[in-house]
Structures are given as structure tokens and as C-alpha cells.
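So you can see what is in the structure, the chains are spelled out below.
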Amino acid sequence: MATTADVVIAGAGHNSLITAAYLTAAGYECAIVDARPIPGGGATTEEMLMDDMWVDTCSTGHTLIQVNPLIRLDELGLVERYGLSYIDPDPVEVVAFPDGEALTMWLDRDKTVAEIARFSERDAGTYAQLLDEWEEVKSLVGQGRFRPVGYGPTTEELLSDHPRGDVWRRRALMSARDVILHEFEESHIRAFMGWMASQTAVPIDGAGTGLLAYQIIGGRQARSWSIPAGGSGKLIDALVGYLTDHGATIDCNRVVSELILEGGRCVGIRTEAGDEYRARHAVVSTIHVKHLVDMAPAEAWGEGFTYGVDTYHVGVPFFAAYFATTEAPAFTTHDGSRSSVSAGVAGWIDDQVRNARLVSDGHFTETEPFLLVATPTLADPSRSPEGTHTVKMVTFNAYDPGGGPERWDEIKDAHVDRQLAYLRRFAPNLTEDKIIGRLVKSPLDIERNNRHMVHGAPHGGDRGITFTGAHRPAPGWAQHRMPIEGLYQTGGTTHPGGSITGAPGRNAAIVLLEDLGRDPSEIMEMV
Ligand SMILES: Cc1cc2nc3c(=O)[nH]c(=O)nc-3n(C[C@H](O)[C@H](O)[C@H](O)COP(=O)(O)OP(=O)(O)OC[C@H]3O[C@@H](n4cnc5c(N)ncnc54)[C@H](O)[C@@H]3O)c2cc1C
């Protein structure tokens, strides 16, 4: 089979669908191909557990994409015309600590501050000040995310021009751990801040993670852990609706295995089954760069790119367990038991740091100082039958638990039993009789499900300072243009990395539209 389109897109994650959507808005015909049975990558909602029980396969929280002009300005009408809407749950978080204490974060900032004051008056004041200070610079940091690398000053340059630039430049290069220890004194508050900063799965003792101590708290306090009504996949439904209305095609169950090169230029892709998709103008890939380099001869990439990809750290793998339950986990707090769409257990900050470093270095762990429990049905009962909930438990762990990645198939159920026993110390109601369905995904299963999540690491690669900005995925190749002419890269392996931000997708569209001789500001706001 041979298909020809203006632009061929390899992979249908939310980022590449966003790139395609802007291209179709500009009048280009797009043909999109994905390995999975349905489009969406890590933004899908599937009946994984039982009928009528809609579970987010990967992502649940869509806070970060709210500030993308795609959603903020509804540039393509996904909200107005394609049924996308968001719910902002309150409470924002309920986080338990090893000694049985728990902290509730509310959308009402003053209520959160009062909650923190139960542990430390001083830290309560610091928390309010931290949020105020973040207001000073958040738009500067945001600008850097929603434009391609090199399309304006860097975040560091923008911060330099800020009246308190010296303070912010130091903070940006510190580790989140060091920022938290410098600002906060009380162990529960330090643990809470560390747990929040760890949400993007970057070890918080890494240089250059300092702003995570501000960014995630700032976003959550402003609008909660926003979830799409109906599930993560509703973002994809809206994008697919837009794309098909604009003439794009999406072919699933097709694994791309080869780039077609002619005269040194990428002119298409070939699937494992031998189907060819040929592009009149360009090929856009969201294939992980670790795989992409094997899809063309080594000499086509050049030494710099190949070295950059060889030394690229794939990031911290996830381990996920999904439950259908008859009750939401109810955490014990000082004023009764409480459930929350986003909840979890935070170990002491030193344990969080040690554990993330261990996992990042490839070591198996049986302790869970970062345990996230998502129950979206609390705010969105449409996802499951009355009287039931969907619960997703996410932790970090090694791709190889010892004895090879396949050993996960033998030990993953016992691993979850251990995690559940630990969780029940804080949410005692989640007993076995409340669990009516269960599915476990080890890092290997996550990779099996989505080949873009190499080693089960979901964010397209570590987002430490070595692999960010102009260095993502490789120094010199951060502008979505790949070393092979005609080939563009988007998705989590490009700036500013993974999570549901849509930023790599929109940024790639800007670069490609310009290369096609178009002015992107005809269809989008240039930040
Ligand atoms: C358990 C879990 C929970 C998560 N929770 C959150 C959360 O709450 N909030 C959040 O922001 N993020 C979360 N994430 C991370 C988030 O899902 C990813 O960062 C995000 O999906 C990355 O989007 P993307 O568009 O870059 O790529 P992906 O969503 O990974 O999509 C890439 C697509 O490319 C396709 N592909 C790759 N290679 C090929 C090939 N050779 N041929 C054909 N197709 C190919 C894949 O099939 C896939 O559909 C979570 C991830 C996991 C695993």
C-alpha cells in the first residue's frame, strides 16, 4: 500500500496530533500513522479493567497544557467546537506522610496556608510568599516553553532582565531539594514540597531542577490538577475530530520501521508490514530518538547527533497499577477521612531523593517515598458505573528489577500487593473486598504498550539540565529539524519534554510552517 500526503506524521501522541492540527489549519494534507490500536499515546482513556469502566491508560492530570495557547486561547476551537472541557478538582491534593499525618491542599489558597500552619507558622508564610514570588516570573518561564528553542531569549536571559534576576537565575540552577531545604523548615512541609516537585519524575537533587519547587505548586494552586471531562482521551477525541474535519487521515496498528531517504532527503516512512507513506513536503516523527536513529543509515545522522542520542538518558520509569473499586481511597487526616482526585503518600525528603536517584540509576526499589493515587471518578462520575471508581497508583521503579526486564512479569503482582499494604496504612478503607478489578503495568508493560516510552519512562527522556532546552534531544538539534533534510521531530524527546503540555507539538508546527514559507502567526499567537 502506498499513501501520499503533504506531510506524513509518524506517531499519533497528543504532540504530533497537535502539530498535524496546526498544519491542517494552514491547509496541508496530513497522513498520520501509529503503532497502537488507537491514537493518543499517553493521553488515552480505555476500557482496560471492565465494561463501562473508562481508565486513563497513562496521563490523568492536564494542568500543564492549560497555559498552552492551544487551550488558553482555544486557537483551534477544541473547546468551543469539539467538546473538550476541563474539571478543576477541589481538594487539589491529600498527601499522607510516614508518621500517619496528612496535609490537604485546597484550591482556596488561604485554606492551604492554614493547613500548612498546623505544621509550621513560618512555613505557612513562606508558602504564601513562594506563590507570590512565582507570579513575578511565571510568564517568563512559560514563554520559554511555548516557543521553539532559539525563537527569542532563553529563560535565563529573560530572568536576567528581571529586577530580581540574580535571585531567580540562582534558583533556576539549584536543585529543587536545595530550594526546598533553604525555604522550608518543617519535615512534613519539606516532604510535601518534595513530593510535588517530583511529579514530573525528574530526580529533585539534580542541578537545574530548582524551578520545579515553584512551577508545579504554582500551577496546582492556581487551577488544581485539571482533568478532561470524560478522561484524558477526550483531548485526543477533540484533536481527531478537528483533524478528520480538515481532511487528515489516521491509520493505526502500523509500526513505522524505516525512513525512506532519496537523495539524502527524508521523503517518507515504511511500516513493518511494508506500507509506504510518502510526503510531498515533510515527515514529522514522534518516534523516540533512541529508535529513530536505527531507521536510517548511521552516516545520515552525523557524529554529533548520534553521540547526543547515545548519551541521552531515557529518564525515570513508571510502575502503574489500575483498580476498579467500590469506594474511593479515603485518607486519614486530622479532621476525618478524605478522598481526593489526586492524592498520595510522601516519604521524608531525604528518602524521596535517595529513591529517585536509585531508580534513575537503574536500581530496583521496594520502598515508595513517591506514591501517587489518582481517582478521577470522584470529580467525574461519568467514567464508571454508579457506585464505582477508577483508581490509578503510580510509582517509580527500575526497568530491570534484577534478572532482566521480563522478570517483572513474575513479580509485579506481589509488588503491587506490597504497595497496597503500604497504602492501607494511610487509606485503610481500600481493603481487598473493595477492589473489583485490577491491572498492573510494570515499566516493561508500559514500554510494550507504547514504544515511545522507552524502558517505561513516559516523558521522552530525562529533563535534567543536560537534556533540556538547546540540548534536547542533542546539542545543535533542538529546533525540531533533524539532521536528515525533510525530517522533523516532535514529542517528549524535544523541548520542553514530556507530560501533557502540547508544547513540543505546537513548537514543531511553528518551525515547519516557517520552513514551508508560511507565517505561523496567521493561525496561532506567537509568544
Ligand atoms: C502511568 C502514567 C501516568 C502518567 N500521568 C501523567 C499525568 O497525569 N500528566 C501528565 O502530564 N503526564 C503523565 N504521563 C506522561 C504522559 O503520558 C507523556 O509524557 C505524554 O503522553 C507524552 O506525549 P507525546 O505526545 O510526546 O508522546 P506519546 O503520548 O508517548 O505518544 C507517542 C506515540 O507515538 C507512537 N509511536 C512511537 N513509535 C512508533 C513507531 N515506530 N511507529 C508508529 N507509532 C509509533 C506511539 O504508539 C504513541 O502513540 C503519564 C505517563 C504514564 C505512563
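Residues numbered from 1 in each chain as written. Predicted model: local features only at pLDDT ≥ 70, side-chain atom pairs only at ≥ 80, totals over all residues. Heavy atoms only, no water.

**A look at the packing of aromatic side chains**
Two measures describe an aromatic ring pair: the distance that separates the ring centres and the angle between the ring planes. Counted according to the given criterion, the structure contains 15 aromatic pairs. Measuring from ring centre to ring centre gives 6.3 Å for phenylalanine 97 and tryptophan 348, while their planes differ by 5 degrees; the resulting arrangement is stacked. Note that phenylalanine 97 is positioned in the loop between strand 6 (93-96) and strand 7 (102-105) and tryptophan 348 in the loop between strand 16 (342-346) and helix 13 (349-360), a separation of 251 residues in sequence. Arranged with centres 5.1 Å apart and planes meeting at 75 degrees, the rings of tyrosine 422 and phenylalanine 426 form a pair that is edge-to-face. Given the relative accessible area of 3%, phenylalanine 426 is considered buried. Ring pairs connect the aromatic residues Trp195, Phe318, Phe370 and Phe396, which therefore count as one cluster. If you follow lysine 111 out to its NZ or CZ, it ends over the ring of tryptophan 106, 3.8 Å from the centre. Over the ring of tryptophan 168 we find arginine 171; its NZ or CZ atom is 4.6 Å from the centre of that ring. (Phe/Tyr/Trp six-rings, centres within 6.5 Å; stacked < 30°, edge-to-face > 60°. Helix = DSSP H or I, 4+ residues; strand = E, 2+ residues; numbered from the N terminus. Buried < 20%, exposed > 50% of the residue type's maximum accessible area, 1.4 Å probe, protein only. Lys NZ or Arg CZ within 6 Å of the ring centre and 35° of its normal.)

**Digging into the nonpolar core**
Counting residues in hydrophobic clusters, the biggest one holds 53 residues, and the most contacted among them are Tyr127, Phe192, Met193 and Ile217. Of all the elements, helix 4 (residues 121-145) adds the most residues to this core, at nine residues. Ignoring sequence-local partners within four residues, the contact set of phenylalanine 192 consists of Val95, Phe97, Leu103, Met105 and Ile217. Listed in part, the 38 residues of the second largest apolar core include Leu243, Ala248, Ala509 and Met524. (Core = buried A, V, L, I, M, F, W, Y, C linked by side-chain atoms within 4.5 Å. Contact = heavy atoms within 4.5 Å.)

**Things to note about the site of the ligand**
Around the ligand, the structure places 36 residues, and the nearest of them are Asp34, Gly42, His452, Ser499 and Ile500. One of the backbone nitrogen or oxygen atoms of alanine 35 is found 3.1 Å away from a nitrogen atom of the ligand. Backbone polar atom of valine 256 to a nitrogen atom of the ligand: 2.9 Å apart, as the coordinates give it. In isolation the ligand offers 1000 Å² of accessible surface; the protein chains occlude 97% of this area. Classifying every residue of the shell around the ligand by side-chain character gives 13 nonpolar, 18 polar and five charged. (Near = heavy atom within 4 Å. Polar contact = N/O pair within 3.5 Å; in protein donor to acceptor, adjacent residues only side chain to side chain. Areas by Shrake-Rupley, 256 points an atom, 1.4 Å probe, with all protein chains shown as cover. Nonpolar A, V, L, I, M, F, W, Y, C, P; charged D, E, K, R; others polar.)

**Remarks on the side chain of threonine 57**
Topologically, threonine 57 is positioned in the loop between strand 4 (55-56) and helix 2 (69-72). One polar contact links threonine 57 to glutamate 46, side chain to side chain, over a distance of 2.6 Å. In this structure, threonine 57 is in contact with Thr44, Thr45, Glu46, Met48, Tyr322, Lys441 and Asn449, ignoring residues within four places of it in sequence.

**Side note on unusual backbone geometry**
The linkage connecting aspartate 90 with the following residue, proline 91, adopts the cis geometry, with an omega of 5 degrees. Secondary-structure assignment places proline 91 in the loop between strand 5 (86-87) and strand 6. Looking along the chain, the bond that leaves arginine 472 and enters proline 473 is cis, with omega of -5 degrees. Along the polypeptide, proline 473 turns up in the loop between helix 15 (443-449) and strand 20 (487-489). Non-glycine residue aspartate 74 carries a positive phi angle of around 50 degrees. Examined against the element boundaries, aspartate 74 turns out to sit in the loop between helix 2 and strand 5. The backbone of histidine 455 shows a phi angle near 60 degrees, a positive value even though the residue is not glycine.

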